[in-house]
Amino acid sequence: MDIRGFWQLIEEARGSGPEGVAARASAVLARREPGEIVAAQRGLWALMAASYRSSLWAAAYMINGGCSDDGFDYFRGWLILQGRETFERVVADPDALAELPAVRAAVAQGEDLDGEEALSIAWQAHLAATGAELPPRSFSVRYPELDQAWNFDFDDKGEMRRRLPRLAALYGG
């Protein structure tokens, strides 16, 4: 399964609504051959690498009131669960997050955006299909270097307003 196939899986799971996408994707994937499940894990981590960007990390930091390494993984998992169109738009322009209804709802409710469950779609599917965890070393991820132009203190509200103005306005920055 390539990235396109992984996106098709996510879109199929999203067809029943925005809640429970990861669980539905795992259930659909569990009906496939083990090799395809392992390939889905590689597709997921290719998307994780594609979204490993300083500007997106800054946006996640603002939205979630801080963002550790794991927190950034979970945020990108949430972003993947929003679907391909949203993912691609936000990776290209993290400030576009301010336009998303889910982000606006999170602001109103004081919630973080976290999709940790997205990171285990293939793991859960493989376990359900075979009774075993994903094979060791069945995938690897190589993250790109972070953009040093974004190497500043994300608590610097002025810099965040300059770089992510729509998000800063939404979050009172």
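Here the structure is shown first, and the text comes after it.
Residues numbered from 1 in each chain as written. Predicted model: local features only at pLDDT ≥ 70, side-chain atom pairs only at ≥ 80, totals over all residues. Heavy atoms only, no water.

Student: Looking at this model, I keep getting lost on the side chain of Gln82. Mind explaining?
Tutor: On the secondary structure map, Gln82 appears in the loop between helix H5 (69-81) and helix H6 (84-92). On the basis of relative accessibility, which here comes to 17%, the residue Gln82 falls in the buried class. For Gln82, the residues in contact, after removing those within four places along its chain, are Arg14 and Ala102. (Helix = DSSP H or I, 4+ residues; strand = E, 2+ residues; numbered from the N terminus. Buried < 20%, exposed > 50% of the residue type's maximum accessible area, 1.4 Å probe, protein only. Contact = heavy atoms within 4.5 Å.)

Student: I tried to follow H6 on my own but got confused; where do I start?
Tutor: Along an α-helix, a turn takes 3.6 residues, which lines up residues three or four apart on a common side. Inspection of H6 places Thr86, Phe87, Val90 and Val91 among the buried residues, and these make up the whole buried set. Looking straight down H6, one finds its buried side chains confined to an arc of 120°; they lie on one side. Across H6 from its buried face, at more than 90 degrees, point the exposed residues Glu85 and Ala92. The elements touched by buried residues of H6 are helix H1 (3-14), helix H3 (34-50), helix H4 (54-64) and H5. (Arc of directions from axis to C-beta.)

Student: When you look at the environment of Glu116 in this model, what are you seeing that I'm missing?
Tutor: Secondary-structure assignment places Glu116 in the loop between helix H7 (101-109) and helix H8 (121-130). Judged by its relative accessible area of 42%, Glu116 is partly exposed. Through-space distance from the C-alpha of Glu116 to that of Arg76 is 8.6 Å; in sequence the pair is 40 residues apart. Within the local environment of Glu116, its side chain forms a polar contact with the side chain of Tyr74, the two groups lying 3.4 Å apart. (Polar contact = N/O pair within 3.5 Å; in protein donor to acceptor, adjacent residues only side chain to side chain.)

Student: Looking at this structure, I do not really get the packing of H4 against H5. What am I missing?
Tutor: Helix packing geometry: the angle between the two helix axes and the distance between the axes. Relative orientation of the contacting elements H4 and H5 amounts to 95°, with a least axis distance of 10 Å. In terms of their interaxial angle, H4 and H5 are classed as roughly perpendicular. Counting all contacts with H4, which are made through Leu56, Trp57, Ala60, Ile63 and Asn64, the residues of H5 involved are Asp69, Phe72, Phe75, Arg76 and Leu79. In the contact of H4 with H5, the residues fall into seven nonpolar, one polar and two charged. (Axes fitted to C-alpha atoms, helices over the stretch in contact; angles between N-to-C directions. Parallel < 35°, antiparallel > 145°, perpendicular 65-115°, else oblique. Nonpolar A, V, L, I, M, F, W, Y, C, P; charged D, E, K, R; others polar.)

Student: Help me understand unusual backbone geometry, please; the structure alone is not making it clear to me.
Tutor: The phi angle of most residues is negative, glycine excepted, and most peptide bonds adopt the trans form. Of note in this structure, Arg137 is not a glycine but carries a positive phi near 55°. Within the secondary structure layout, Arg137 lies in the loop between H8 and helix H9 (157-163). By relative accessible area, Arg137 is classed as exposed at 82%.

Student: For this particular structure, what's the right way to read the packing of aromatic side chains?
Tutor: Describing an aromatic ring pair means giving the distance of the ring centres and the angle of the ring planes. With the rule as written, the count across this model stands at ten aromatic pairs. Measuring from centroid to centroid gives 4.5 Å for Trp57 and Phe72, while their planes differ by 10°, and the two rings are stacked. Of this pair, Trp57 sits in helix H4 while Phe72 sits in helix H5; the two residues are 15 residues apart in sequence, bridging distant segments of the chain. On the basis of relative accessible area, Trp57 is assigned to the buried category, the value being 12%. Ring geometry for Trp150 against Phe152: centres 5.9 Å apart, planes inclined by 40°, an arrangement best described as tilted. There is no split in this pair, since Trp150 and Phe152 are both buried. Within the aromatic cluster, the residues linked to one another by ring pairs are Tyr52, Trp57, Phe72 and Tyr143. Across from the ring centre of Phe72, 4.3 Å away, lies the NZ or CZ of Arg76, which sits over that ring. Looking at Arg163, its charged tip hangs above the ring of Trp150, at a distance of 4.8 Å from the centre. (Phe/Tyr/Trp six-rings, centres within 6.5 Å; stacked < 30°, edge-to-face > 60°. Lys NZ or Arg CZ within 6 Å of the ring centre and 35° of its normal.)

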